[in-house]
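So you can see what is in the structure, the chains are spelled out below.
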Amino acid sequence: MNDKELLKDYVRKHWAVYMAAVLLIIASNIDQALLPLLLGRFTDRLQQDLLTMQDVIRYSLLLLAVAVSYNVLFALGQYTVMKLGRRFEFFTRDKLFGKFSELGVQYYAKQGNGKLLSYVMNDVTYVREAISNGITQTTNAVFLLLSCVVMMLASGIPPLLICISAGPLMLIPFLVVYFGPRIRDRSRRVQETIAAMTEAAEEQLGGIRVSKTFAVEDITRERFGAKVDDITEKQLKLVRMSSLFQALLPFLGSISLVISLLTGGMMVMHGSVTLGSFVALILYLRIIAGPLQQIGNVINMMQRSGASLERVNKLMAEMPDVRDRDQAVTLSSVQHIALRGLTFSYPGSSQPSLKDLNLLIREGQTLGIVGRTGSGKSTLIHLLLRIYDPPEGSVWINGSDIHEYSLDSLRSTIAYVPQDGFLFSTTIRDNIAFSDRSAPMRHIEDGARQAMIYDNIIRFPDRFETRLGERGVTLSGGQRQRTSLARGLIKNSSLLILDDSMSAVDAMTEKGILASLRKMRKGKTTLIVSHRISAVMHADHIIVLEEGRMAESGTHAELLARQGIYAAMHKLQEEGLQDAADQYRVNRS
Ligand SMILES: Nc1ncnc2c1ncn2[C@@H]1O[C@H](COP(=O)(O)OP(=O)(O)OP(=O)(O)O)[C@@H](O)[C@H]1O
């Protein structure tokens, strides 16, 4: 997508309405330019003693008609343009959100949420302003200037006098060429710092609890203050430049008024110009002062919105790192999965996070994946979901390379429960029925029971209709995790992946959840990633990852018998449990 495509697309779609709006504004300008002409003629009749009472009434009515029609035409034109601007705003925000959901995690890892919000809030607003006010003011300024020049000639003002008087105005294009790019450049820098500030604000607010518990509010305030200072400095540079530009334009208008007063006054004294023409000239130059001021506004606005449009178009041109192939097919259920020599490094990382994994996960199997922190467990899951793309030919589902399937079908077929189950600021019911808002209440309750959160939910006054605060602050960590687990369970998918999804749940509750999982997942494939041996010991097969390699694999009994990493982890955790049980007994006695 090239630089101006987003706007072009929109204008192309609505060109007829734009034309109508522009014509209305042009008509209003022509109307306004009639005023000095009428007043000039009125002055001439007055000077020549030809004015009758009838003339006074006629001129008054004419002026009233001009004023009313001007306002009606201009208001209609302005309303139409403003409406188009607002629609552009919605259209662009919609497109941006579409783009956000298309882009991969890699993009989000580089861009903070605040920066992305700044596109949606600030940049789009600036472009909309340029479309609404920019079109009105440009049309207004250009056509009012043209109409005034034509009317000046029509009202009998000598062309030489017009040329001399309007001479200073000829400098305007030079000013535009000089100031335009500079204002645009400074506007872009302001936009970038605003985006950085929004990002910082988002981060500070997100981490407010951590800041408070560490009592480092002063440091965070200072850091944020530095961003604000940066904006202020850049904003001031922009204001200095655009104010100078905006002041120079009316200054040229005033010079031209002075010149017309001097030359026009002398010509009236010599009788080469009538008093009416002179009055009309002065009025025209006064009317022109308005559009001159507007031209300054418009150029400032256009440069600022140009910088924003560039940023928005650049974002729209971003290609997602993970995308569908042209001939992608739909995956409707997962039967078996095969890893063949899977080696994977994160983009920009020199060390592979997974090394030469070979594995067959049969349909209906429960696979436990354990390993120390950083051993590659989540990476493997991310590749199965294609959050990152695995190398060609390394991950196979139902005998086809994973890249053959459409992303949408792959992800909607798999039920995935991450460790940090994000909850939205809506009801518990909506959070559980996230993938299917029309799921019957019975299913939602079943999911909650299996995740062992049902008893907690029904104790809330609004039960499943309880609204959660932002990110579910009204729930404890374990309750949040179990709500997110219920969300995964009600999908009843052919492949369920639990990525350390019971880490915040106590041992007794975990036991209950695992028992209900064994019952409900019979015949269906389940992957359980965990640090805890207790979560995987009943699995049909267990693999142990160590620095990205499959260090061990087998059943719980086989792995214990091997006396390797798994057995060591088991011993450590058992000892921990034993210690805790002993402590408990001592405390009670
Ligand atoms: N987005 C990323 N970019 C670069 N390296 C990454 C990224 N995510 C993870 N890694 C690295 O890949 C390796 C495996 O990480 P992974 O998150 O898969 O481990 P894990 O076994 O799930 O750990 P944990 O149990 O702590 O969640 C680690 O060395 C980690 O630093």
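Worth saying up front: this structure is predicted, and the values here are computed from it rather than measured.

Participant: If you had to explain helix α7 (residues 172–206) to someone new, which residues and values would you point to?
Facilitator: Over its 35 residues, α7 runs 49 Å from end to end, which matches the ideal 51 Å to within 8%, given 1.5 Å per residue. For α7, the principal kink sits at Phe 179 and spans about 30°; a proline, Pro 181, occurs within the next four residues. Within α7, the full set of buried residues consists of Phe 179, Ile 183, Arg 184, Arg 186, Ser 187, Val 190, Gln 191, Ile 194, Ala 195 and Thr 198.

Participant: Kindly report on the pairing of strand β8 (residues 525–530), identifying the contributing residues and their values.
Facilitator: Burial within β8 is extensive, with six of its six residues counted as buried. One ladder, built from five bridges, connects strand β3 (residues 366–371) with β8; its direction is parallel. Directly across from Leu 367, in β8, lies its bridge partner Leu 527. Here five bridges tie strand β7 (residues 495–499) to β8, and the two strands are oriented parallel to one another. Within β8, the position partnered with Ile 497 by the bridge is Leu 527. Of the crossover connections in this fold, the one passing from β7 over helix α17 (residues 507–520) to the parallel β8 is right-handed.

Participant: Describe unusual backbone geometry, listing the residues and the values that go with them.
Facilitator: A positive phi is found at Asn 398, a non-glycine position, where the angle reads about 50°. When the 16 C-beta atoms within 10 Å are taken as the criterion, Asn 398 is described as partly exposed. Despite not being glycine, Asp 500 has its phi angle at roughly 55°, a positive value. You can call Asp 500 buried: it has 21 C-beta atoms within 10 Å.

Participant: Explain the confidence of the model for the protein to me, and be specific about the residues and the numbers.
Facilitator: Summarising the model, the protein shows a mean pLDDT of 83, and 94% of its residues fall at 70 or more. Per-element averaging of pLDDT across the protein places helix α8 (residues 208–213) at the bottom with 66 and strand β4 (residues 395–397) at the top with 94. With a pTM of 0.68, the predicted complex shows an ipTM of 0.96.

Participant: So what about the sheet that holds strand β6 (residues 414–417)? Which residues, and what values?
Facilitator: With mixed pairing, six strands are arranged side by side in an open sheet as β6-β7-β8-β3-β9-β10. Lying at the two open borders of the sheet, with one neighbouring strand each, are β6 and β10 (549–554). Neighbouring strand axes in the sheet, compared pairwise and without regard to direction, differ in orientation by 15° on average. Along the sheet, helix α11 (residues 377–384) contacts β3, β7, β8 and β9 (541–546); its crossing angle with β7, the most-contacted strand, is approximately 150°.

Participant: Got a sec to walk through the site of the ligand? Specific residues and values, please.
Facilitator: Tyr 346, Ser 349, Ser 353, Gly 371, Thr 373, Gly 374, Ser 375, Gly 376, Lys 377, Ser 378 and Thr 379 make up every residue found near the ligand. Ranked by the residues each element gives to the shell around the ligand, the list is headed by α11, at three residues. Here the shell around the ligand is built from residues that sort into one nonpolar, nine polar and one charged.

Participant: Can you tell me about the environment of Tyr 10, naming the residues and giving the values?
Facilitator: Position of Tyr 10 relative to the elements: it lies in helix α1 (residues 5–13). A C-alpha to C-alpha distance of 8.5 Å links Tyr 10 and Phe 91, two positions 81 residues apart in sequence. With near-sequence residues (within four places) excluded, Tyr 10 lies in contact with Phe 88 and Phe 91.

Participant: Describe the pairing of β9, naming the residues involved and giving the relevant values.
Facilitator: Burial of β9 is extensive: five of the six residues sit out of reach of the surface. Where β3 lies against β9, five bridges are found, and the strand directions are parallel. Paired with Ile 369 across the strands is Ile 543, a residue of β9. One ladder, built from five bridges, connects β9 with β10; its direction is antiparallel. Residue pairing for β10: Ile 542 is matched across the bridge by Gly 554. Adjacent in sequence and paired antiparallel, β9 and β10 are bridged by two residues, among which Glu 547 carries a positive phi angle near 50°.

Participant: Just give me the short version of the packing of helix α2 (residues 15–47) against helix α3 (residues 53–102), but keep the residues and values in it.
Facilitator: At their nearest, the axes of α2 and α3 sit 8 Å apart, and the two run at 160° to each other. Compared by their axis directions, α2 and α3 come out roughly antiparallel. Where α2 crosses over α3, the handedness of that crossing is left-handed. When the residues that make up the contact of α2 with α3 are grouped by side-chain class, the tally is 21 nonpolar, five polar and three charged.

Participant: Now, about the nonpolar core: what can you tell me, with residues and values included?
Facilitator: Nonpolar side chains tend to gather and get buried jointly when the protein is soluble and globular. The biggest cluster of nonpolar side chains holds 62 residues, and the ones touching the most others in it are Ile 369, Ala 451, Ala 486 and Ile 497. Counting 54 residues, the second largest nonpolar core, distinct from the first, contains Phe 245, Ala 280, Met 301 and Met 302.

Participant: Which residues make up the UniProt feature "transmembrane region" (unreviewed entry) in the protein, and what are the values?
Facilitator: Mapped onto this numbering, the UniProt entry annotates "transmembrane region" (unreviewed entry) at residues 15–39, 59–81, 135–153, 159–179 and 244–262. End-to-end, the C-alpha atoms of residues 15–39 are 37 Å apart, and along that stretch the chain is 100% helix and 0% strand. This span, residues 244–262, is 100% helix and 0% strand, and a straight line between its end C-alpha atoms measures 27 Å.

Participant: Outline α11, supporting the account with residue identities and numerical values.
Facilitator: In an α-helix, one turn spans 3.6 residues, which is why side chains three or four residues apart end up on the same side. By the criterion of burial, α11 is predominantly enclosed, with seven of the eight residues buried. For α11, the full list of buried residues reads Lys 377, Thr 379, Leu 380, Ile 381, His 382, Leu 383 and Leu 384. Arg 386 lies just past α11 and shows a positive phi near 55°.

Analysis parameters
- Residues numbered from 1 in each chain as written.
- Predicted model: local features only at pLDDT ≥ 70, side-chain atom pairs only at ≥ 80, totals over all residues.
- Helix = DSSP H or I, 4+ residues; strand = E, 2+ residues; numbered from the N terminus.
- Expected span 1.5 Å × (residues − 1).
- Bend = angle between axes of the 7 residues up to and from the residue.
- Buried ≥ 20, exposed ≤ 12 C-beta atoms within 10 Å, placed from the backbone.
- Pairing = 2+ DSSP bridges.
- Right-handed = clockwise from strand over helix to strand, strands pointing away.
- pLDDT = per-residue confidence, 0-100.
- Axes fitted to C-alpha atoms, helices over the stretch in contact; angles between N-to-C directions.
- Contact = placed C-beta atoms within 7 Å.
- Near = placed C-beta within 6 Å.
- Nonpolar A, V, L, I, M, F, W, Y, C, P; charged D, E, K, R; others polar.
- Parallel < 35°, antiparallel > 145°, perpendicular 65-115°, else oblique.
- Left-handed = near helix turned anticlockwise from the far one by under 90°.
- Core = buried A, V, L, I, M, F, W, Y, C linked by C-beta atoms within 7 Å.
- UniProt positions renumbered as here; feature names shortened; annotations may be inferred.

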